[in-house]
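# Structural features, examined
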Amino acid sequence: MHGEASRRLYMRVTTLASSYLSVGVIAAWDADDASEGTNAKVIYSIEKNVIHERTGEAIFRVNPQSGLIQTALCCLDRETTPEYHIQVVATDGGGLKGTGTVVVRLADVNDNSPRLARQLWELEVDETWGKGPPNDTTILEVSAADRDTSNYFYYRVVEASGWGWEHFSMRSVGAVGQLYAIKTLDYENDTHRRGFKFMVQVTDRVSILRG
Ligand SMILES: [Ca+2]
Ligand SMILES: [Ca+2]
Ligand SMILES: [Ca+2]
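A short tour of the structure in this document, coming up.

About the criteria used
Residues numbered from 1 in each chain as written. Chains lettered and ligands numbered in written order. Predicted model: local features only at pLDDT ≥ 70, side-chain atom pairs only at ≥ 80, totals over all residues. Heavy atoms only, no water. Helix = DSSP H or I, 4+ residues; strand = E, 2+ residues; numbered from the N terminus. Buried < 20%, exposed > 50% of the residue type's maximum accessible area, 1.4 Å probe, protein only. Contact = heavy atoms within 4.5 Å. Areas by Shrake-Rupley, 256 points an atom, 1.4 Å probe, with all protein chains shown as cover. Pairing = 2+ DSSP bridges. Axes fitted to C-alpha atoms, helices over the stretch in contact; angles between N-to-C directions. Donors = N, O, S within 2.8 Å, 3.2 Å for Na, K, Ca; no water. Tetrahedral: all angles 85-135°; square planar, octahedral: opposite > 155°, others 65-115°. Core = buried A, V, L, I, M, F, W, Y, C linked by side-chain atoms within 4.5 Å. 1 Å grid on protein atoms, 1.4 Å probe; cavity = no way out; pocket = protein on both sides within 12 Å on 5 of 7 lines; lining within 4 Å. Points joined across faces, edges and corners; volume = space filled by probe spheres on them. Nonpolar A, V, L, I, M, F, W, Y, C, P; charged D, E, K, R; others polar.

## Digging into the overall build of the chain
Each helix and strand in the chain was counted, giving one helix and 14 strands. Taking all 211 residues of the chain together, 34% fall into the buried category. Expressed as a percentage of contacts within the chain between residues at least 6 apart in sequence, the contacts between residues at least 24 apart total 63%. Accessible surface, the chain as shown: approximately 13,200 Å² in total, 50% of it carbon and sulfur.

## Remarks on the sheet that holds strand β5 (residues 68-71)
Across the sheet, which stays open at both edges, the three strands sit in the order β2-β5-β4 with antiparallel pairing between neighbours. At either margin of the open sheet sits one strand with a lone partner, and together these are β2 (22-25) and β4 (60-62). Adjacent strand axes in the sheet meet at a mean angle of 20°, parallel and antiparallel pairs treated alike.

## Structural notes on the sheet that holds strand β12 (residues 168-173)
Overall, antiparallel pairing links the three strands, which are arranged β9-β13-β12 in an open sheet. Two strands close off the open sheet at either side, each with one partner strand: β9 (140-142) and β12. Strand-to-strand twist across the sheet, computed as the mean angle between neighbouring axes with direction ignored, equals 30°. With six bridges joining them, β12 and strand β13 (residues 176-181) adopt antiparallel strand pairing. When the bridges of β13 are listed, Phe168 appears paired with Ala181.

## Quick notes on the coordination of the calcium ion (ligand 2)
The protein atoms that coordinate the calcium ion (ligand 2) are Glu79 (OE), Glu79 (OE), Asp108 (OD), Val109 (O), Asp111 (OD) and Asp148 (OD), at distances spanning 2.2 to 2.8 Å. Taken together, the six donor atoms surrounding the calcium ion (ligand 2) define angles of 50 to 160° at the centre, an arrangement classified as irregular. Of the residues examined, Glu79 reaches a relative accessible area of 15% and is grouped as buried.

## Some points on the environment of Phe168
Among the secondary structure elements, Phe168 is positioned in strand β12. With 28 residues separating them in the primary sequence, Phe168 and Phe196 have C-alpha atoms 9.8 Å apart. Ignoring sequence-local partners within four residues, the contact set of Phe168 consists of Ile139, Val157, Leu179, Tyr180, Ala181, Ile182, Leu185, Phe196 and Phe198.

## Observations regarding the environment of Ala175
Locating Ala175 in the fold gives a position in the loop between β12 and β13. For Ala175, a relative accessible area of 44% gives the class partly exposed. For the pair Ala175 and Tyr154, spaced 21 residues apart in the sequence, the C-alpha separation amounts to 8.5 Å.

## Describing the nonpolar core
With 18 residues, the main nonpolar core has Phe60, Ile69 and Tyr84 as its most contacted residues. Ranked by the residues each element gives to this core, the list is headed by strand β6 (residues 83-91), at four residues. Judged by nonpolar contacts, the second largest core, of 13 residues, contains Trp121, Leu140, Val157 and Leu185.

## Remarks on the layout of surface pockets
Considering only enclosed or pocket space, the largest pocket measures out at about 980 Å³ in volume. Trp121, Glu122, Leu123, Phe196 and Phe198 are the residues nearest the centre of the largest pocket, which is lined by 30 residues in total. Every element with two or more residues in the lining of the largest pocket is listed here: β8 (115-116), β9, α1 (190-193) and β14 (200-206). A per-class count over the lining of the second largest pocket returns seven nonpolar, three polar and three charged.

Any functional reading would require information beyond the geometric quantities listed.
If you want it as structure tokens, here you go:
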């Protein structure tokens, strides 16, 4: 490779709990004839690496011969650092260099638990009408927060979690949960009039379970 060539290389890596994860292979080519000594033999190195804040270790490494870039330590966290930039160099036998930037973007893994937006929801609702089952009108919308982007939230009323739980059910709509009555709520019934208290729960499934 002759002269200073600069190019930008994009790579994508999925965060997995294993060391030495392969990120991708960089490639440089040299116009010199491979038969002319060592001029065409290219060696790869990392000129500007990213250093892990806590341990002080370099996060990436490159195989000098193959150009394979790997993580040099375990467990990159997208929620802490979603993107890394490193600078790689290809040097030929004559000492000439070509440099490039590798951008490593971490794909999200569902590794954080969701939290409901509130500890307690309190509300007043109308009793249900007529003799038949109540309609499924939403009486409360519940939301949750999660640091991951790959969640699919599933909301439910926790079985036997408190007084009157069996009168209610939840449906998951997008990122929120909607509470609705599945049994008659009767104002003239003293036990109903005192109110209901029960628990709801959110879990995050991975998106492949959607549908
Ligand atoms: Ca993470
Ligand atoms: Ca994540
Ligand atoms: Ca999550």
